[in-house]
Amino acid sequence: MITKFDSSYYGTTDMENLGYTGTPINDRRYSKEELGNALHKVVAYAKCMDERGYNTFWMAEHHFQPEGTELIPNLLMMAMHLCGVTKNIRIGCGFNIVPMWHPLRLAEDYAMADILTGGRVIFGVGRGYHTREVETFGAPLIDQNANREMFEEGVEVLFKAFEGKSFSHKGKYYTIPPEVPYRGYTLKEITLVPAPERLPVECWQPIQSGSDRAFDFMAKYGIRGVIGGGSAEGGAVERHMLGFQAAYARRGISLELGERLALGYQFHIAPSREQAMREAGPHYEENMKMFGELRLVRALTDEQIAAMRDPRLAATTKLPRIEDAVKAGGFLAGPPEDIVEQLKAVEQRYPGLDRVICATPLGTPLNVQLADLDRFAKEVIPAFRGAKIAAAAE
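Predicted model, so just to flag it, every value in this text is computed and none were measured.

Parameters and conventions
Residues numbered from 1 in each chain as written. Predicted model: local features only at pLDDT ≥ 70, side-chain atom pairs only at ≥ 80, totals over all residues. Heavy atoms only, no water. Salt bridge = Lys/Arg side-chain N within 4 Å of Asp/Glu carboxyl O. Buried < 20%, exposed > 50% of the residue type's maximum accessible area, 1.4 Å probe, protein only. Core = buried A, V, L, I, M, F, W, Y, C linked by side-chain atoms within 4.5 Å. Helix = DSSP H or I, 4+ residues; strand = E, 2+ residues; numbered from the N terminus. Contact = heavy atoms within 4.5 Å. Phe/Tyr/Trp six-rings, centres within 6.5 Å; stacked < 30°, edge-to-face > 60°. Lys NZ or Arg CZ within 6 Å of the ring centre and 35° of its normal. Disulfide = S-S within 2.5 Å. pLDDT = per-residue confidence, 0-100. Pairing = 2+ DSSP bridges.

### A look at the pattern of salt bridges
- Evaluated as defined, the whole model comprises 24 salt bridges.
- Linking Asp310 and Arg312 is a salt bridge whose minimum nitrogen-to-oxygen distance equals 3.1 Å.
- Classification of Asp310 by relative accessible area gives buried; the value is 18%.
- For Lys344, the salt bridge is made with Glu347, and the minimal N-O distance between the two is 3.8 Å.

What follows is the structure, encoded as structure tokens:
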């Protein structure tokens, strides 16, 4: 039964000339002031969610984006600030990119956030998908095997450290601690101080490939999964649900279909489905321009990716449209009652699912985002949990 309603926002500048025939993503540039102001938009988004009874606000770690698309470089620092200006909402790391961190530094920072916020920060891990980010920090991404190895070893160190007990680790990428002289003895073990108060640490990870290796790794550490795209991509969601469930079963843990998972959707509320698609279409297309060639939309051809970079080609190339996403179930568009109906059907299909993450696509103006969050909270969420939603702030 769906009881947890979340949203996500990665911090963007105010964008103009959107869509496939608009400004190419690589041509977008913004001033220092515009880029910095995106952080204040994140605060406004989180406050709106907090006032309206949402469960968790998810952010993503990204770097070096003068195009103004994803502008939160440190999730735990932002989470600490947001917990200070909100009252109840939890803040989710969706996700800390493990290969770009030393795992002990990441474990320390999360432990501090866990202690100081009373457990309002949710941990999350990912491998990364921007070469500009990961490779610049000295970690591999083009070499996918090396990236996966470094990620898996880093997560192993994280979970060892979280226990708050003396430990050592010797792997391909990390030797912890180094055997160095220290106050009259040779260092053999090290302890994370302070360690998180809440154990086991609740940890989330995005599900992309859906391989048995990935699912077995998640089950080993009790990691929960986020599946993007709602019901899109021709049954991929169903396959991921079954693969995740099977991996936990191999470890002797029985899960209902959808349990320990979250489904991600994009959405826009309007009086009719047609109006919602018309209004959100340019933002959906901007989203595709951003993510299309970053391994996140597997069905795209080289021709389509090239057309997304060049407005002249976009006009003559068949590209994904918001109508396709709405038909597939990955984009919730229209009046609240239609969205309730769609989510009720998902609830029936996946009886273990208790969390959905509904967000607006890239480039949506903040005032539209806040209006959508407000209406969703008042006219969609109560159909599932009967929650009393706070009135819109004046």
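Read on, since the account is not over.
### Here we look at the nonpolar core
- Residues Phe57, Met59, Leu263, Leu343 and Phe376 are the most contacted members of the largest nonpolar core, which totals 87 residues.
- Sorting elements by how many residues they give to this core places helix H5 (residues 144-162) first, with eight residues.
- For Leu343, the residues in contact, after removing those within four places along its chain, are Ile2, Phe5, Tyr265, Leu332, Val356, Phe376, Val380 and Phe384.
- If you look at the next biggest cluster of nonpolar residues, it comprises 18 residues, including Ala280, Met288, Ala307 and Ala325.

### Some thoughts on the packing of aromatic side chains
- This structure, assessed with the given rule, holds 20 aromatic pairs.
- On the numbers, 5.7 Å between centres and 50° between planes, the contact of Phe151 with Phe217 is tilted. In this pair, Phe151 is assigned in helix H5 and Phe217 in helix H6 (residues 212-221), connecting sequence segments 66 residues apart. Here Phe151 matches Phe217 in class, with each residue buried.
- For the ring pair Tyr182 and Tyr185, a centre distance of 5.9 Å and an interplane angle of 85° mean the geometry is edge-to-face.
- Directly above the ring of Phe384 sits Lys344, whose terminal nitrogen or CZ lies 4.4 Å from the centroid.

### Some thoughts on the state of the cysteines
- Considering all chains together, one arrives at zero disulfides under this definition.
- This cysteine, Cys93, is not joined by any disulfide, and Cys203 carries the nearest cysteine sulfur, 9.4 Å off.
- Take Cys358: it sits in no disulfide, and the sulfur closest to it among the cysteines is that of Cys48, at 14 Å.

### Digging into the confidence of the model for the protein chain
- Overall, the predicted model of the protein chain reaches an average pLDDT of 94, with 96% of residues at or above 70.
- A low-confidence stretch, residues 387-394 stays under pLDDT 50, and its non-local contacts, those more than four residues away or across chains, total 17 contacts.

### Quick word on the side chain of Thr12
- Residue position: Thr12 is located in the loop between strand S1 (4-8) and helix H1 (32-51).
- Residues within four places of Thr12 in sequence aside, it is in contact with Ala38, Lys41, Gly68, Thr69, Leu71 and Leu362.

### Some remarks on the pairing of strand S12 (residues 261-269)
- Counting buried positions along S12 gives nine out of nine residues, so the element sits mostly inside the fold.
- Judged by which residues are buried, S12 turns out to be covered on both faces: Leu261, Leu263, Tyr265, Phe267 and Ile269 on one side and Ala262, Gly264, Gln266 and His268 on the other are all buried.
- In this structure, strand S11 (residues 224-227) lies alongside S12, joined through three bridges in parallel fashion. Residue pairing across strands places Ile227 opposite Leu263, the latter belonging to S12.
- Bridge count between S12 and strand S14 (residues 355-359): four bridges; the pairing is parallel. When the bridges of S14 are listed, Leu263 appears paired with Val356.

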